[in-house]
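The residues making up each chain are set out below.
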Amino acid sequence: MLIGPWTGFDPWTLLLVAVLFVVAESISTSVMADVKAGISPSSAVSLAAVVLVGPVGAAVVGFSSCLALRKQELVKRAFNGAQFALAAYAAGHVYVLCGGVVGELVQDDFPEVVLPYLAAVLAHSAVNSLLVGTLMWTLGAVPRKGPGRFHWRPLAAAELSSLGYQMLGLAIAAVWGGVGIIAPLLVLLPLFIARWTFAQQADEARAHEATLATLCQAVETKDYYTRGHCMRVAEGAAMIARELGMSAERVQKIRYAGMLHDIGKLGVPTKVLQKTGRLTDEEYAAIKLHPTRGYEIVREISFLDEALAGIRHHHERLDGRGYPMGLVGMEIPESARIISVADVFDCLTSTRSYRKAWSVEAAIAELRKCAGTQFDPRMVEALVRAVEREGWETPDVTEPPGNCFGSSRRSIAVSLPGAAPEEGPADGAEKETATAPAPGTTVPAEPVTGRQDG
């Protein structure tokens, strides 16, 4: 800003645009709750400033972000001000270099001014993304996906949402000469209303999330060893869905299915869920009812939509030997095939009362072994790619209450969830045989799977 030049624009216009920018910047819309990031109508004003007052004036307008009416620490205000100033300054120079006219626009300036303005928008987005992305990566707000890489989707979502506001800057500049400071109000007032509506929808989505999380906790209080299981399955299912290129809306629905896939266990006696020995036929029959019971519990919740199929059929197998309906191959809904893989993966990598957790590598090897018979190979490989890129946070190892792992077991024969009855009972927590150890018997340190392909 000190470099200048401080000529070529109206100081009164600069002041009015700066005041408007501060007001707009004081109103934000959250788009990424996990990293507390958002967008605001100020980006439209910033791009309008590029047209009305040029590069230096736009930088001054952007730096006025420091005066935004928010509860922020000084360092955050300084960063935001510098970020907006640099992005607007770069956009202003691109606009001028591409032949854009600085000042109030007239009819003769159109349509020639559109292309320089589009170039300015792209420059503004590029600089803004670089600065915000570097900050988020440095602070660890966006998880890295591997050496030198990080998860770019949240940043892209925020920037794409902001592009809509930025394009309105040209409309503000176009009508500024006729109505002055009222121009932004005419353009942005409908957006303020839309922003309020969006905020209400976001609040509703958070309420849905909290409600489903409470239901998950209700299930997990019945089984000490599955605490956190539902949320981890939800995250694993979302990772698979994203890897398959599904839309954000479908990813969210499948995530809901992961959260609620075991909700039917509320109808299963606690003593059956926590039993460490072999299940009787009656007990196993009660376990097999939990997908259907879960579907019946939540089927009236309209926003679940596709998640209902995932809840009802997540114990089906490709070879038709699953339950509750014995569906075969692609008859099984896609959401259910995703949940099945995520469910078993978390079971294997979690500690249970009868065994310690498998390593991620061993669990992946087991999933691949069962691909084509129990699991959809496409879903398995999608999970493998996602885990290799983003990692997998295994739950903390929990010592079983009152005893040690396997202290009352001689042999371990795990059956994966969804296995047929003759392979041994399975309910999503891998029930297994329990017999008293013979004197001097050493309990295996690692579980050994039984037949998974029948």
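No experiment lies behind these values; they were computed from the predicted model shown. (Residues numbered from 1 in each chain as written. Predicted model: local features only at pLDDT ≥ 70, side-chain atom pairs only at ≥ 80, totals over all residues. Heavy atoms only, no water.)

Caption draft 1: Region of the structure containing the overall build of the chain. Counting its regular elements, the chain contains 15 helices and four strands. For the chain, buried positions account for 48% of its 454 residues. Of the contacts made within the chain by residues no fewer than 6 positions apart, 72% connect residues no fewer than 24 positions apart. Of the roughly 20,800 Å² of accessible surface on the chain, 62% is carried by carbon and sulfur atoms. (Helix = DSSP H or I, 4+ residues; strand = E, 2+ residues; numbered from the N terminus. Buried < 20%, exposed > 50% of the residue type's maximum accessible area, 1.4 Å probe, protein only. Contact = heavy atoms within 4.5 Å. Areas by Shrake-Rupley, 256 points an atom, 1.4 Å probe, with all protein chains shown as cover.)

Caption draft 2: Main features of helix H4 (residues 114–139). In a regular helix each residue adds 1.5 Å, so 26 residues correspond to 38 Å; H4 covers 37 Å between its end C-alpha atoms and thus fits that length. Buried within H4 are the following residues: Pro 116, Tyr 117, Ala 120, Val 121, Ala 123, His 124, Ser 125, Asn 128, Val 132, Gly 133 and Met 136. Among the residues trailing H4, Gly 140 stands out with phi positive, at a value near 75°. (Expected span 1.5 Å × (residues − 1).)

Caption draft 3: Main features of the packing of aromatic side chains. According to the stated counting rule, one finds three aromatic pairs in the structure shown. Here the aromatic rings of Tyr 256 and Phe 303 are separated by 5.6 Å at their centres, their planes lie at 75°, and the arrangement is edge-to-face. Here Tyr 256 is found in helix H8 (residues 248–260), whereas its partner Phe 303 is found in the loop between helix H11 (290–298) and helix H12 (307–313), with 47 residues between them in sequence. Centre to centre, the rings of Phe 345 and Trp 392 are 5.0 Å apart; their planes meet at 70°, and the pair counts as edge-to-face. One end of the pair, Phe 345, is in helix H13 (residues 334–348); the other, Trp 392, is in the segment after helix H15 (377–390), with 47 residues separating them in the sequence. Of the residues examined, Phe 345 reaches a relative accessible area of 1% and is grouped as buried. (Phe/Tyr/Trp six-rings, centres within 6.5 Å; stacked < 30°, edge-to-face > 60°.)

Caption draft 4: Just the pattern of salt bridges, in detail. Across all of its chains, the model carries 16 salt bridges by this definition. Arg 389 is the partner of Glu 243 in a salt bridge, and the nearest nitrogen-oxygen pair spans 2.2 Å. Of the two residues, Glu 243 sits in helix H7 (residues 229–243) while Arg 389 sits in helix H15, which places them 146 residues apart along the sequence. A relative accessible area of 18% means that Arg 389 is categorised as buried. Arg 337 is the salt-bridge partner of Asp 376, the closest N and O atoms lying 2.6 Å from each other. Here Asp 376 is found in the loop between helix H14 (360–370) and H15, whereas its partner Arg 337 is found in helix H13, with 39 residues between them in sequence. Classification of Arg 337 by relative accessible area gives buried; the value is 9%. Connected through salt bridges with shared partners, the residues Glu 243, Arg 385, Arg 389 and Glu 390 form a single ionic network. (Salt bridge = Lys/Arg side-chain N within 4 Å of Asp/Glu carboxyl O.)

Caption draft 5: View of the environment of Ala 205. Inspection of the secondary structure puts Ala 205 in helix H6 (residues 182–220). Through-space distance from the C-alpha of Ala 205 to that of Phe 303 is 9.8 Å; in sequence the pair is 98 residues apart.

Caption draft 6: Summary view of a nonpolar patch on the surface. Taken together, Trp 12, Leu 15, Val 19 and Val 23 make up a surface patch of nonpolar side chains, about 410 Å² in accessible area. Structurally, Val 23 is set in helix H1 (residues 11–25). (Patch = residues over 30% accessible without salt bridge, like charges linked within 9 Å, V, L, I, M, F, W, Y side chains within 5 Å.)

Caption draft 7: Structural view of the state of the cysteines. Under the definition given, this model contains zero disulfides. The thiol sulfur of Cys 230 is not disulfide-bonded, and the nearest other cysteine sulfur, from Cys 216, lies at 4.3 Å. (Disulfide = S-S within 2.5 Å.)

Caption draft 8: Region of interest: the packing of H7 against H13. Here H7 crosses H13 at 130°, and the two axes come no closer than 8 Å. With respect to their mutual orientation, H7 and H13 come out oblique. By crossing handedness, the relation of H7 to H13 is classed as right-handed. Packed against H7, whose contacting residues are His 229, Arg 232, Val 233, Gly 236, Ala 237, Ile 240 and Ala 241, the element H13 presents Ile 338, Ile 339, Val 341, Ala 342, Asp 343, Asp 346 and Cys 347 at the interface. (Axes fitted to C-alpha atoms, helices over the stretch in contact; angles between N-to-C directions. Parallel < 35°, antiparallel > 145°, perpendicular 65-115°, else oblique. Left-handed = near helix turned anticlockwise from the far one by under 90°.)

Caption draft 9: Representation of the confidence of the model for the chain. Residues at a pLDDT of 70 or more form 74% of the chain, whose mean pLDDT is 77. In the model, residues 31–36 has pLDDT below 50 throughout and makes twelve contacts with residues more than four positions away in sequence or in other chains. Under a pLDDT of 50 for its full length, residues 398–454 has, in the predicted model, 154 contacts with residues more than four places off or in other chains. (pLDDT = per-residue confidence, 0-100.)

Caption draft 10: Seen up close, the nonpolar core. Core analysis: the biggest nonpolar cluster contains 46 residues, and Ile 240, Leu 260, Leu 304, Val 341, Phe 345 and Leu 367 have the highest contact counts within it. For this core, the elements supplying multiple residues, two or more each, are H6, H7, H8, H12, H13, H14 and H15. With eight residues, the single largest contributor to this core is H7. Residues in contact with Val 341, not counting those within four places in the same chain, are Ile 240, Leu 367, Phe 375, Met 379, Val 380 and Leu 383. Formed by 33 residues, the second largest nonpolar core is a distinct cluster that contains Val 50, Ala 88, Tyr 117 and Leu 170. (Core = buried A, V, L, I, M, F, W, Y, C linked by side-chain atoms within 4.5 Å.)

Caption draft 11: Focus on unusual backbone geometry. The step from Phe 110 to Pro 111 runs through a cis peptide bond, and the omega angle for that step is 5°. Looking at the secondary structure, you find Pro 111 in the loop between helix H3 (74–97) and H4. The peptide bond linking Tyr 323 to Pro 324 adopts the cis configuration, its omega dihedral lying at 15°. Among the secondary structure elements, Pro 324 is positioned in the loop between H12 and H13.

Caption draft 12: Quick peek at the side chain of Arg 255. By the secondary structure assignment, Arg 255 is in helix H8. Residue classification places Arg 255 among the buried residues on the basis of a relative accessible area of 19%. Dropping the residues within four chain positions of it, Arg 255 is found in contact with Glu 209, Met 231, Ala 234 and Ala 238.

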